[in-house]
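Listed below are the residues making up each chain.
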Amino acid sequence: MTYVAQASDAVTRETFWTISDVGKVAFYYLAAVAILVFLYGVYDRFARYARGTDDPFERLDDLPRRVVSATTTVFSNRKQFDRDLYGGVMHAFIFWGFLTLLIGTTILGIDMDIARTVGESFWTGDFYLAYSLTMDAMGLLFVVGIGMAIYRRYWVRNERLWGKHTGVEDDLFVWSLFVLGVGGYVTEGLRILGTGFPEFETVSFVGWFVALVLQGAGLDAAGAEALYWWSWWSHAIIALVFVAAVPYAKPFHMISSYANVVTSDDQAGKRLPGVPADASPEEIGYTDVDDFSWKDRLDQDACTKCGRCSSACPAKASGRPLDPRDVILDLKSYRESLDAGETEEQPIVADGGTSVINSETMESCMACMACMDACPVDIEHLKQFTEMNRRLTESGQMDANVQDAMMNVFQNGNTFGDPERKRPEWTEDLDFEVPDAREEPVEYVWYVGDYPSYDERNRRIARALATVFERAGVDYGILYEDEQTDGNDVRRVGEEGLYEMLVEDNAAAIQDCEFEKIVCTDPHSYNTFMNEYPEFDACEWTADDVFHYTQVVDELAERGALDLDGTELNYTVTYHDPCHLGRYNDVFEAPRDLVRATGADLYEMPRNRSDSFCCGGGGGGLWMEVEEETKPSEERLREALEDTDAGDAVEKFVVACPMCATMYEDGRKTGGFEDDIEVVGLTELLAEAIGEEERVAAA
């Protein structure tokens, strides 16, 4: 068959060229089987989600907005570019190429099975030319993207792509896509060569090039026509098998990932689900797979094994026995093996090797949310990790040092175990009186926190902030001994009952005051007061009423209440974004504005803002003694000295979190950085900038 006419109705191609009528029937039969197998698989997957427990959050409210938001996220590939430009480009090529080929195949099916049945084909003339050009161009992007993936996986052997759950299905997935992409062009090249190079087919520039290569290799039109049948059927069968296999293997992430983004919680990790009031100790946390909510199961199925969470995890980087990807996939594998009758029931999490997840793995988590921030499909690791920590707590398997801290909180209201009367001692040496919010109306109730109250190093930070407030004329007051630990990390180590007690006590103490807003020294307090306390009936304030001190002081500086004009602190500094202030709550600019306002030269570390590296103190890490190859605090200080544009000229490491101050002071000693860099609280830098450093130092 040779094309000679160039009329509009001749500018097309025969879809089933060289395929007999029997072959057409066989193809439609196989296609119907593949689609039915696909639909049943998808149904079965979602039926399994229905067997999960109810999720505590409203995930399907305002569904149209969620769908629009998820579609924007997925189609823009925005999260794929985060931390990984190569991976973002690669995935964008694959995604848009695959989507275009899928749409193009659907259009062809509509033309063949509907348009031609009821009228005339629209797959001719200019439409056909535009169609062919688009399919060839986007198909090429698809093949290039798959090639990039193969290069990174097998040639570079990117470490994060390989792990305990890497298997044959991963190889089959990437190679089947590659064979489909390349095979499509080979089939097209054989057709163009076999039909005598119709002039209009030059728009299929990749297929045309392949045809020229085949011709140059000695293949004539007759040979191409003979080979076309084999190529066409090979391509069709591989495509149909791929379609049928989608719900049963890794390709299902193309569906589950989108569903996961649609149903993600905007506040995931910032707030955690509570425990039902009627739950017995035996029912708290993950005891077996029946405790997995439908969203937990969807999270597990959405994991693509990309390892982005693994590469971002500070616990894994420091040598602790935690890989966020492995935890999610271990839970998935156990659930599926149990469903298939391939394994016996065992505890989800326990001390020792008799459970799905070892207690040491969960104790390693710093609750920094780097895994969640890095995940391109919005898996909520921290929610599932917390449920396992709750089970360890209820079964008496909590880390001994964390148990001691929890007992201190229960008995004395603070993690140090010191008497409540000592909480306001930090105020005594100041040359002004810190107002008592319990005795007079104030604009701001200042929640000071445990470390600024009891830890001698952090008391300097509290005194400096009090001095800044005093200098700026802020109308504030503190709770003195009525303040108790905020409970943010108490909740994240699994002590939900103790956390709820703290919510009631702190909420009662604050609400006994006459105030307008709450300001916190510690980002951990800021997070839980803003995102979690309002979930409880005991609390009467809203998220809009809670501020971190950097936000308040930045506003003071902007309106001139804090005189920083002309200030020139001749320091070269870098600033560390605390996880709970930055990644959790997107407060990035206020602290930087204040550092710059002091006149100091600010240089950024490579990992900054939402990509910041945790100090290691969150999630109970501050209270634990763990074996680490390199402490996160040491690695962060090394980064400050070696990887900023200022190099080893950085003099001061500025922090806006008391917990970070504690961890980095320790890292200075253990890492041998005491002579190289000074850890300084932002409040201390501000006090010096306004000429009050002697006042703070004297105190």
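These numbers come from a predicted model, not from an experiment.

J.: Provide a residue-level description of the overall build of the protein, including the pertinent values.
T.: Summing up its helical and strand segments, the protein has 28 helices and ten strands in all. Counting only C-alpha atoms, the protein reaches 100 × 60 × 45 Å along its principal axes. Per-residue burial over the protein gives 56% buried out of 699 residues. The long-range share in the protein, meaning contacts at least 24 apart out of those at least 6 apart in sequence, stands at 79%. Of the roughly 29,400 Å² of accessible surface on the protein, 53% is carried by carbon and sulfur atoms.

J.: I'd like to hear about the sheet that holds strand β7 (residues 572-575), residue by residue, with values.
T.: A sheet is described by the order of its strands in space; here four strands give the open sequence β8-β7-β9-β10, paired in parallel fashion. Each edge of the open sheet carries a strand with a single partner, namely β8 (601-603) and β10 (678-681). Adjacent strand axes in the sheet meet at a mean angle of 35° when their direction is disregarded. Sheet analysis places β7 next to strand β9 (residues 652-655), joined by three bridges and oriented parallel. Paired with T574 across the two strands is F653, which belongs to β9. Helix α26 (residues 658-670) contacts β9 and β10 of the sheet and is inclined by roughly 170° relative to β10.

J.: Which residues make up a nonpolar patch on the surface, and what are the values?
T.: Taken together, the side chains of Y29, L30, V33, V37, Y40, Y43, I237, V241 and Y248 make up a nonpolar region of the molecular surface, amounting to roughly 900 Å² of accessible area. Counting residues per element, the ones that place at least two in the nonpolar patch are α1 (21-50) and α8 (221-245). Structurally, V33 is set in helix α1. Its relative accessible area of 34% is what places V33 among the partly exposed residues.

J.: Please provide a residue-by-residue account of unusual backbone geometry, values included.
T.: Notably, N77 is not glycine yet its phi reads approximately 60°, a positive angle. Despite not being glycine, D378 shows a phi value in the positive range, around 60°. Of note, D378 is situated in the loop between α15 (370-374) and α16 (381-394). A residue is classified by how much of its surface remains accessible, and D378, at 18% relative accessible area, is buried.

J.: Talk me through helix α13 (residues 324-339); I want residue IDs and the actual numbers.
T.: With 16 residues, α13 extends 23 Å between its outermost C-alpha atoms, agreeing within 8% with the 22 Å of an ideal straight helix rising 1.5 Å per residue. Across the 16 residues of α13, twelve count as buried, placing the element largely inside the fold. Turning to α13, its buried residues number three or more, namely P324, R325, D326, V327, I328, L329, D330, L331, K332, Y334, R335 and L338. Where α13 begins, the capping side chain belongs to D323, and its oxygen is found 3.0 Å from the backbone nitrogen of R325. Taken from the residues just after α13, G341 is the one with a positive phi, measuring 70°.

J.: Before we move on, can you summarise the packing of helix α19 (residues 456-472) against helix α23 (residues 549-558) with the specific residues and values?
T.: Describing two packed helices takes the angle between their axes plus the distance from one axis to the other. Taken N-terminus to C-terminus, the directions of α19 and α23 make an angle of 30°; their axes are 11 Å apart at the nearest point. Between α19 and α23, the angle falls in the class roughly parallel. As for how α19 packs across α23, the hand of that crossing is left-handed. Counted together, L465, V468, F469 and A472 of α19 and Y549, V552, V553 and L556 of α23 form the full contact between these two elements. Residues that form the contact of α19 with α23 fall into these classes: eight nonpolar, no polar and no charged.

J.: An account of the sheet that holds strand β4 (residues 476-478) is requested, with residue identities and associated values reported.
T.: Spatially, four strands are ordered β4-β3-β5-β6 in an open sheet, and the strand pairing comes out parallel. The open sheet has two edge strands, β4 and β6 (546-548), and neither has a second partner. Geometrically, the sheet is characterised by an average inter-axis angle of 30° between neighbouring strands, direction not taken into account. Bridging between strand β3 (residues 444-447) and β4 involves three bridges; their strand directions are parallel. Bridge pairing in β4 places V445 opposite G477.

J.: Let's hear about the side chain of H576: which residues, and what values?
T.: Looking at where H576 falls in the secondary structure, it is placed in the loop between β7 and α24 (589-597). Residue classification places H576 among the buried positions, given a relative accessible area of 1%. Apart from the residues lying within four places of it in its own chain, the contact partners of H576 are M605, S612, F613, C615, R636, F653, V654, C660 and Y664.

J.: An account of the packing of α1 against helix α10 (residues 294-302) is requested, with residue identities and associated values reported.
T.: Running from N to C, α1 and α10 cross one another at 140°; their axes reach a closest spacing of 7 Å. On the basis of the axis angle, α1 is oblique to α10. Residues R45, R48 and Y49 of α1 form the contact with α10, whose own contacting residues are W294, R297, L298 and D301. For the contact of α1 with α10, the class distribution of residues is three nonpolar, no polar and four charged.

How each quantity is defined
Residues numbered from 1 in each chain as written. Predicted model: local features only at pLDDT ≥ 70, side-chain atom pairs only at ≥ 80, totals over all residues. Heavy atoms only, no water. Helix = DSSP H or I, 4+ residues; strand = E, 2+ residues; numbered from the N terminus. Buried < 20%, exposed > 50% of the residue type's maximum accessible area, 1.4 Å probe, protein only. Contact = heavy atoms within 4.5 Å. Areas by Shrake-Rupley, 256 points an atom, 1.4 Å probe, with all protein chains shown as cover. Pairing = 2+ DSSP bridges. Axes fitted to C-alpha atoms, helices over the stretch in contact; angles between N-to-C directions. Patch = residues over 30% accessible without salt bridge, like charges linked within 9 Å, V, L, I, M, F, W, Y side chains within 5 Å. Salt bridge = Lys/Arg side-chain N within 4 Å of Asp/Glu carboxyl O. Expected span 1.5 Å × (residues − 1). Polar contact = N/O pair within 3.5 Å; in protein donor to acceptor, adjacent residues only side chain to side chain. Parallel < 35°, antiparallel > 145°, perpendicular 65-115°, else oblique. Left-handed = near helix turned anticlockwise from the far one by under 90°. Nonpolar A, V, L, I, M, F, W, Y, C, P; charged D, E, K, R; others polar.

Remember, this is a structural readout, not a statement about activity or role.
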